[in-house]
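# Structural description and commentary
The lines below spell out each chain.
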Amino acid sequence: PGGAASGPAVDPSGSWSLVIQSPQADINAQLTLSKDGDQIGGTLGTPMGNIAIKSGRVNGNQLRLTATVEMAGQSVDSIITGTIDVLPTPISRRK
């Protein structure tokens with residue numbers, strides 16, 4: 001994601017369904033995040049196993065995570081970026 005972040009940082013805590021696009025095929029995954037102060041951690045669950053999120057940050061609604069993936073005996077840092085769209089909370093009116 002490019003451009004300036006807008007508004008205060010969004011809390012990305014919770015479970016998110018996502019699709020990882022790779023040259024071989026799209027991979028359905030489950031991203032579970034927690035926030036502790038400025039630190040974001042969690043787990044990326046894929047059909048090949050769970051991958052720990054080793055670092056993460058939110059700037060406005062822009063999310064950037066780093067996870068280390070083991071491939072063919074080598075550690076490869078993977079960067080996950082995205083934009084969190086927050087929908088306004090509906091307001092109920094009492095009669």
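Heads up: the structure comes first, above all this text.
Here's a quick rundown of the structure.

Criteria and cut-off values
- Residues numbered from 1 in each chain as written.
- Predicted model: local features only at pLDDT ≥ 70, side-chain atom pairs only at ≥ 80, totals over all residues.
- Heavy atoms only, no water.
- Helix = DSSP H or I, 4+ residues; strand = E, 2+ residues; numbered from the N terminus.
- Buried < 20%, exposed > 50% of the residue type's maximum accessible area, 1.4 Å probe, protein only.
- Contact = heavy atoms within 4.5 Å.
- Areas by Shrake-Rupley, 256 points an atom, 1.4 Å probe, with all protein chains shown as cover.
- Pairing = 2+ DSSP bridges.
- Axes fitted to C-alpha atoms, helices over the stretch in contact; angles between N-to-C directions.
- Salt bridge = Lys/Arg side-chain N within 4 Å of Asp/Glu carboxyl O.

### Re the overall build of the protein chain
Along its length, the protein chain carries zero helices and six strands. The linear arrangement of helices and strands in the protein chain, starting from the amino end, is β-β-β-β-β-β. Looking at the 95 residues of the protein chain, the share that counts as buried comes to 25%. Across the protein chain, every contact between residues at least 6 apart in sequence was considered, and the portion connecting residues at least 24 apart equals 23%. Counting every atom, the protein chain has about 7100 Å² of accessible surface; 50% of that belongs to carbon and sulfur.

### Observations regarding the sheet that holds strand 4 (residues 49–59)
Taken in spatial order, the six strands line up as 1-2-3-4-5-6 in an open sheet, and their pairing is antiparallel. Where the open sheet ends on each side, the last strands, each with one partner, are strand 1 (14–21) and strand 6 (74–83). Taking the axes of each pair of neighbouring strands and ignoring which way they run, one obtains an average angle of 30° across the sheet. Alignment of strand 1 against strand 2 (residues 26–36), held across eight bridges, turns out to be antiparallel. Looking at the pairing, tryptophan 16 lines up with leucine 31 of strand 2.

### Describing the environment of aspartate 38
For aspartate 38, the location among the structural elements is in the loop between strand 2 and strand 3 (39–46). Aspartate 38 sits in the exposed class, given a relative accessible area of 69%. For the pair formed by aspartate 38 and arginine 57, sequence separation is 19 residues and the distance between their alpha carbons is 7.0 Å.

### Details of the pattern of salt bridges
In the structure shown here, the tally under the stated rule is one salt bridge. Between lysine 54 and aspartate 77 there is a salt bridge, and its shortest N-O distance comes to 3.1 Å. Taken as a pair, lysine 54 in strand 4 and aspartate 77 in strand 6 lie far apart in primary sequence, 23 residues in all.

### Digging into the pairing of strand 6
Relative to strand 6, strand 5 (residues 62–71) is paired through 10 bridges, and the arrangement is antiparallel. Pairing of glutamate 70 across the sheet is with serine 75, part of strand 6. Once strand 5 ends, the chain turns through two residues before running back antiparallel as strand 6, passing alanine 72 with a positive phi of about 50°.

Remember, this is a structural readout, not a statement about activity or role.
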